[in-house]
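Overview (structure and organization)
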Amino acid sequence: MKTKSEFLRKAAVKAGDKIHRAKILKAITTYTGKVEGMKSAQYHDWQQARSLAAQTKNYVLRHLPDLLEQFERNITANGAQVLWAEDAAEAREHIRRIFRERKVRKVVKSKSMTTEEIEVNELLGGEGIEVLESDLGELIVQLAGEKPYHIVTPAMHKSRQDIAALFHEKLGVPASSSAEELTMAARDHLRSAYVTADAGITGANFLLAEGAIVMTENEGNGRLTMSCPPVHVVIAGIEKILPAMENLALFLPLLTTSGTGQQITCYNSVVRGPRAAGEQDGPQEMIVILLDNGRSAMYGEPEFQHALRCIRCGACLNACPVYRTVGGHAYGTTYQGPIGSVITPHMRGMAEFSHLSSASSLCGACTQVCPVQIDLHHLLLKNRAKATEEKRGVDLWQVGFAGWARVMTSRKRLEGVRRLAVAGEASLRVILPHALRKRLPLPAKKSFARLWQEGAGR
Amino acid sequence: MPSDQPLSLFIPCLIDQVYPEMGFSMVRVLHRLGCEVRYRDEQTCCGQPAFNAGHQREAKTVARHFIAVFQDDEELVCPSGSCTAMVRNFYPGLLGDAGRKQAGAVFEFSEYLARADLIGKIKGSFPAKIAFHNSCHSYRELGIAEVPMQIIAQIDGVELCQPAGEPVCCGFGGVFSVKFSAIAGAMADTRLQMFLDAGAEVVVSNDPGCIMHLRQECTDRGLSMRILHLAEFLDEAMADHAGGRQV
């Protein structure tokens, strides 16, 4: 219940914050313009691309165990090591052991939501290991002591002025710095870390069963993170698999078109393993941690399995009018917006997170934009039904709807109840909670049915 | 296509209980266009409030009542995209074959006007700056996009002031607007601002839920903007128009 009351509190604060709303609306309007432009510039038939992507992902899900084993076999043959983590605790344990054995003191990280999911920064902090976020957006939220606001654009909620003030305080740059000057300040702050770090941690946008990890980015920091330090640790969800390199022709532009409105990102790295004999670059060791953490539980539920098609492009967040209103921090989850509200109750517990599935008007804008055709708003509905089934103890809504169903199966009962409601309307309003009182309309003096019986409309 | 049977009115609970005038506007418009209608007064609700809140059992109970009431009717017309979507898109999953049979019989008001080829017969006048708020369920569940605009364009004196871009949710969402009233209110504020920025004086919509929610927001903000149901808009536009009555 704590997660729910926290959400309600934070959401109400943000809902009333018009400056926040204007900032997000501005960022998302720019984004939408780019995305829509790129869809028509880059695709003859966007709908068909979505459909093909969904089918490819369905194939992956049907063969998931097999493809994961292929991945393990093939990338191991390339010299990388594969570890499996059933949950966040096991993944953290792997990382703790890897870094202790190698006496790692300093880590540089690229942007990765799976590392947020298992709270790597908190873990390493506890181990006394210095962690530096190398993605500009992630660096901004790290310096601000915040969590990512958005799965693709973690600092979406900060204007240039906000960032200048933050960098002024933390990095000592002039408060009047331009966007270019701020980027250069971040670059100076980061560059030396790549060569002094003992390990680099990245996520992966895709895993190829033929034995490679794929990362897309715009700053080049990810490539430095995975290639400069002696150890490269990858943390990736098990659903990230694609069969082969050729699938990237569809999936890379699909991801960037939906995610940022780009034709393709500036840097796209396909890494087949650590430095091989005779090669001069790359880490000496590469360790891939395959993270389950609730995914196979979703995999086992036929109605919900297809949510694992998600490629984390963030389009559903941007399309969502609730996300635009409450912002990314109100959710209190790693994955915000519609996809987060669909998967978090499965990954972290229906009882604690089902309120997120209810916090949607079911407008369907998310489903409309999803590049892999996840039926997001209908999955929210299914979550609600599942939450009702699983609920234990007395629930006022349950009692209310049982009474409602009794009334709504008879016109006579309905008219009886409405007579009571009309008569007691004034006193009813006094006892109702404020929100309900304000939003509950006055019943008309007579129902349509009654007026019709009296001859109206004929 | 339209049969010899009178068209059966499917009046959403919100219209039955709160806005009966919207229902009678639809009846008058249909009469003027030459449609014979019938009303089955045992009808109550389609079950959507419970269904959307995750209470499937109660939704099923009410949906069965709905089917029992309407089982003999070939065509139903409903002044709500959302309630139409409940029957058409969700009854099959909820009730199987009985649900599938009912699903094919229900049409949203504007959809019905297009289906019965009545749009060309609409004649009226409503000199005002108008924007249309397509309900999310009408747009995304039923795929209704152009038809309501074509209907509005039939009316003389209308100056369309439509906000650019995709239809955006007003924040109603049934029980959502009660459980999460602060979010729902802010969403209405955002949507209303889009209409104001587009210069609209009157917002026409096809869902009583959206209309209730937007009217509430207008009251809260002290705005004089009118929010009308498409049926009310047409009823008013056609009222004194000879062309409308000759059909």
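Since this is a predicted model, take the numbers as computed values, not measurements.

**What about the overall build of chain A?**
Scanning chain A from N- to C-terminus turns up 24 helices and 10 strands. Based on the C-alpha atoms only, the size of chain A along its principal axes is roughly 95 × 55 × 50 Å. Within chain A, the proportion of its 458 residues that are buried is 55%. At a minimum sequence separation of 6, the contacts of chain A that also span at least 24 residues come to 73%. Taking the average location of the 59 positive side-chain charges in chain A and that of its 47 negative ones, the two points are 11 Å from each other.

**Some words on the overall build of chain B**
When you go through chain B residue by residue, the secondary structure sums to 13 helices and eight strands. Against the compact-globule benchmark of 18 Å for 247 residues, chain B has a radius of gyration of 17 Å, which places it among compact chains. C-alpha atoms of chain B, sized along the principal axes, occupy 50 × 45 × 30 Å. In chain B, which comprises 247 residues, the share counted as buried stands at 64%. Counting only contacts in chain B whose residues sit at least 6 apart along the sequence, the fraction spanning at least 24 positions is 79%. Total accessible area computed for chain B in this model is approximately 8500 Å², and 48% of it derives from carbon and sulfur atoms. Here chain B contributes 21 positively and 30 negatively charged side chains, and the mean placements of these two sets differ by 3 Å.

**Quick word on the environment of His150 of chain A**
Residue and element names in this part refer to chain A. Turning to its location among the elements, His150 is positioned in the loop between α8 (136-143) and α9 (160-171). His150 has contacts with Met156, Gly314, Leu317, Asn318, Tyr323 and Gln336, leaving out every residue within four places of it along the chain. One polar contact links the side chain of His150 to the main-chain amide nitrogen of Thr153, over a distance of 3.1 Å. Polar contacts involving the side chain of His150 include one to the side chain of Asn318, which spans 2.9 Å.

**A closer look at the interface of chain A and chain B**
By convention, interface size is frequently given as the accessible area that disappears when the constituent parts associate. Contacts between chain A and chain B engage 57 residues on the former and 62 residues on the latter. Between chain A and chain B the total buried area reaches about 5000 Å² when both faces are included, carbon and sulfur atoms providing 66% of it. At the boundary of chain A and chain B, one finds three salt bridges. Note that Asp189 of chain B is salt-bridged to Lys18 of chain A, the shortest N-O span being 3.0 Å. For the pair chain A and chain B, the interface holds 25 residue pairs in polar contact (both at pLDDT 80 or more). Partitioned by chemical class, the residues of the side of chain A that touches chain B number 32 nonpolar, 16 polar and nine charged.

**What about the packing of helix α16 (residues 337-348) of chain A against helix α19 (residues 376-390) of chain A?**
All names here are of chain A. Two numbers describe how α16 lies on α19: the axes approach to 9 Å, and their chain directions differ by 30 degrees. Seen from above, α16 lies across α19 with left-handed handedness. Residues Pro338, Ile339, Ser341, Val342, Pro345 and His346 of α16 touch α19, and the partners they reach there are Leu376, Leu379, Leu380, Asn383 and Lys386. Its residues placed into classes, the contact of α16 with α19 shows seven nonpolar, three polar and one charged.

**Some details on the domain arrangement of chain A**
Taken domain by domain, chain A holds domain 1 (43-293) and domain 2 (403-453). Just the C-alpha atoms count here: the centres of domain 1 of chain A and domain 2 of chain A sit 55 Å apart.

**Points about the nonpolar core**
Judged by nonpolar contacts, the single largest core of 123 residues is most densely connected at Ile213 of chain A together with Phe10 of chain B. When residues no more than four places from it in sequence are discounted, the contact partners of Phe10 of chain B are Gln43, Cys46, Phe66, Phe70, Leu76, Val77, Cys78, Pro79, Cys83, Thr84, Val87 and Val106 of chain B. Counting residues in each nonpolar core, the second largest holds 62 residues, with Ile119, Met212, Leu228 and Ala237 of chain B among its members.

**Things to note about the environment of Arg312 of chain A**
Residue and element names in this part refer to chain A. Note that Arg312 resides in the loop between α13 (295-299) and α14 (315-319). A relative accessible area of 12% places Arg312 in the buried class. Measuring from C-alpha to C-alpha, the distance between Arg312 and Leu255 comes to 8.0 Å, with 57 residues separating the pair along the chain.

**Brief notes about the side chain of Ser410 of chain A**
Tracing the backbone through its elements, the reader meets Ser410 of chain A in the loop between α20 (396-407) and α21 (411-423). With a relative accessible area of 11%, Ser410 of chain A lands in the buried category. A distance of 3.2 Å separates the side chain of Ser410 of chain A from the backbone nitrogen of Lys412 of chain A, its partner in a polar contact. Once residues within four sequence positions are removed from consideration, Ser410 of chain A is found in contact with Glu42, Thr44 and His65 of chain B.

**Re the sheet that holds strand β8 (residues 241-242) of chain A**
Strand pairing within a sheet occurs via backbone hydrogen bonds; the two strands may be parallel or antiparallel. Residue and element names in this part refer to chain A. Strands sit in the order β8-β5-β6-β9 across an open sheet of four strands; the sheet is mixed. The open sheet has two edge strands, β8 and β9 (267-271), and neither has a second partner. Relative to β9, strand β6 (residues 212-217) is paired through five bridges, and the arrangement is antiparallel. Bridged to Met215 within β9 is Ser269. Packing against the sheet, helix α12 (residues 248-260) makes contact with β5 (206-208), β6, β8 and β9, and its axis sits at approximately 175 degrees to β5.

**So, the domain arrangement of chain B**
All names here are of chain B. Split by domain assignment, chain B resolves into domain 1 (7-114) and domain 2 (121-238). Taking only C-alpha atoms into account, the centre of domain 1 sits 21 Å from that of domain 2. The interface of domain 1 with domain 2 comprises 30 residues on the first partner and 26 residues on the second. Both faces combined, the contact of domain 1 with domain 2 buries some 2300 Å², and carbon together with sulfur accounts for 67% of it. The three residues of domain 1 that bury the most area against domain 2 are Met22, Leu33 and Ser110, which together make up 22% of that side's buried surface. On inspection of domain 1 and its partner domain 2, the count reaches two salt bridges.

**A closer look at unusual backbone geometry**
All names here are of chain A. We note that Lys103 has phi near 50 degrees; this positive angle belongs to a residue other than glycine. Examined against the element boundaries, Lys103 turns out to sit in the loop between α5 (88-101) and β2 (106-109). Given a relative accessible area of 66%, Lys103 falls into the exposed group. A positive phi angle, near 60 degrees, is found at Arg312, a position not held by glycine.

**What about the packing of aromatic side chains?**
Across all of its chains, the model carries 19 aromatic pairs over all chains by this definition. Note on Phe448 of chain A and Trp452 of chain A: the rings are 6.0 Å apart at their centroids and 25 degrees apart in plane angle, and the pair reads as stacked. A residue pair is termed a helical-turn pair when its members lie 3 or 4 positions apart in one helix, as Phe448 of chain A and Trp452 of chain A do in helix α24 (residues 448-453) at four residues. By the burial criterion, Phe448 of chain A is buried, and Trp452 of chain A matches it. Taken together, a centroid distance of 4.2 Å and an interplanar angle of 20 degrees make the contact between Phe448 of chain A and Phe24 of chain B stacked. Residue Phe448 of chain A is located in helix α24, and its partner Phe24 of chain B is located in helix α2 (residues 20-32); the two belong to separate chains. The aromatic ring of Trp397 of chain A is capped on one face by Lys179 of chain B, whose charged end is 4.9 Å from the ring centroid.

So, how was this worked out
Residues numbered from 1 in each chain as written. Chains lettered and ligands numbered in written order. Predicted model: local features only at pLDDT ≥ 70, side-chain atom pairs only at ≥ 80, totals over all residues. Heavy atoms only, no water. Helix = DSSP H or I, 4+ residues; strand = E, 2+ residues; numbered from the N terminus. Buried < 20%, exposed > 50% of the residue type's maximum accessible area, 1.4 Å probe, protein only. Contact = heavy atoms within 4.5 Å. Lys, Arg positive; Asp, Glu negative; His and termini not counted. Charge placed at Lys NZ, Arg CZ, Asp CG, Glu CD. Rg over C-alpha atoms; globule rule 2.2 N^0.38 Å. Areas by Shrake-Rupley, 256 points an atom, 1.4 Å probe, with all protein chains shown as cover. Polar contact = N/O pair within 3.5 Å; in protein donor to acceptor, adjacent residues only side chain to side chain. Buried area = accessible area lost by both parts, 1.4 Å probe. Salt bridge = Lys/Arg side-chain N within 4 Å of Asp/Glu carboxyl O. Nonpolar A, V, L, I, M, F, W, Y, C, P; charged D, E, K, R; others polar. Axes fitted to C-alpha atoms, helices over the stretch in contact; angles between N-to-C directions. Left-handed = near helix turned anticlockwise from the far one by under 90°. Domains from an automatic or database assignment. Core = buried A, V, L, I, M, F, W, Y, C linked by side-chain atoms within 4.5 Å. Pairing = 2+ DSSP bridges. Phe/Tyr/Trp six-rings, centres within 6.5 Å; stacked < 30°, edge-to-face > 60°. Lys NZ or Arg CZ within 6 Å of the ring centre and 35° of its normal.

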